[in-house]
Amino acid sequence: MPTAPVNTPAPHLNATPDALPPFWFVAPEGFFALPIAATPEEGSERARFFVRELYSRGDANIWEPAAPYYEAIAEMMGDAGLSYAAIGLFSAMDVVTDAEAALTDEPVRHEPSEGVVQCAFTVGIIQTDHVDDDTDVVAQGILATLSGDPYNDAIWLDLPCGPAVSCISVREYRLDPETTATGEETKLLTGQIQVYVPFSTGLYTAVFTLHTASMEHWASVYRLMSAVLQTVSFTDPLETPSGEPA
């Protein structure tokens, strides 16, 4: 699963998303998007909807105190310039046989008792001031910068939308006894996948970050991020290209 902090300082995120050129991606089922909203009224309404979706088996005793908490987190993330933030919750039983999958057209769902994989997913925008045909140059600069940190595993990616740079980092943290269930000092291993995708329309770069402490399911989380990246587009996927029949 995904994200760990990196030593390389993150660039300042653009705090005016309404002024950014549009781009598209598909978040898979299991991602619960935080209510980053334009107005406080919108934020409150979306927070109430968010907690009912996230805690679908809960009731008002859970939803009412949780909504203001997630509303505040979403407001903080919006102020930091994030365009999208979500909590990913997936069953650890993520492998089914072809026979099981063929039994129904509905998605296979498993109980939380079988294990839950958690991750955090965010998308932010940084300004890189390039023109649309300079995406290779921007990606090369990002790759060179990230490769300077020995704790980063930075590689070049060729996505359907253009060049990108992926950076994987793993960090270990020591948890104080008062923060653990056992009352003993514990080590927490986390992993992060961060992908920089220069806009083919110029000026900006999208930063996709997936972060997790469910390291035993790292391979599944990596595949999840890979699937999301295949859907990134800087033109509306629903628009018919000129010259092609609608």
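One can find the structure itself at the top, above this paragraph.
Residues numbered from 1 in each chain as written. Predicted model: local features only at pLDDT ≥ 70, side-chain atom pairs only at ≥ 80, totals over all residues. Heavy atoms only, no water.

Things to note about the environment of Phe-32
- Assignment of secondary structure puts Phe-32 in strand 1 (residues 31-33).
- By relative accessible area, Phe-32 is classed as buried at 16%.
- Between the alpha carbons of Phe-32 and Leu-54 there is a distance of 6.6 Å; along the sequence they are 22 residues apart.
- Excluding anything up to four places from it in sequence, Phe-32 contacts Phe-50, Glu-53, Leu-54, Ala-85, Ala-86, Ile-87 and Leu-89. (Helix = DSSP H or I, 4+ residues; strand = E, 2+ residues; numbered from the N terminus. Buried < 20%, exposed > 50% of the residue type's maximum accessible area, 1.4 Å probe, protein only. Contact = heavy atoms within 4.5 Å.)

Concerning helix 4 (residues 135-147)
- Between its terminal C-alpha atoms helix 4 stretches 18 Å, which fits the 18 Å expected from 13 residues at 1.5 Å a residue.
- All of the buried residues in helix 4 are Thr-135, Val-138, Ala-139, Ile-142 and Leu-146. Taken end-on, helix 4 shows its buried residues confined to a sector of 95°, consistent with a single buried face. Turned more than 90 degrees away from the buried face of helix 4 sit Val-137 and Ala-144, all of them exposed.
- Buried-residue contacts for helix 4 involve strand 4 (153-159), strand 5 (162-175), strand 6 (186-198) and strand 7 (204-212). (Expected span 1.5 Å × (residues − 1). Arc of directions from axis to C-beta.)

Quick word on unusual backbone geometry
- The phi dihedral of Asp-129 is positive, around 55°, even though this residue is not glycine.
- Relative to the helices and strands, Asp-129 is located in the loop between strand 3 (116-127) and helix 4.
- When its relative accessible area of 55% is taken as the criterion, Asp-129 is described as exposed.
- Positive phi, close to 75°, is recorded for Leu-203, a residue that is not glycine.
- Structurally, Leu-203 can be placed in the loop between strand 6 and strand 7.
- Judged by relative accessible area, Leu-203 falls into the partly exposed class, the value being 42%.

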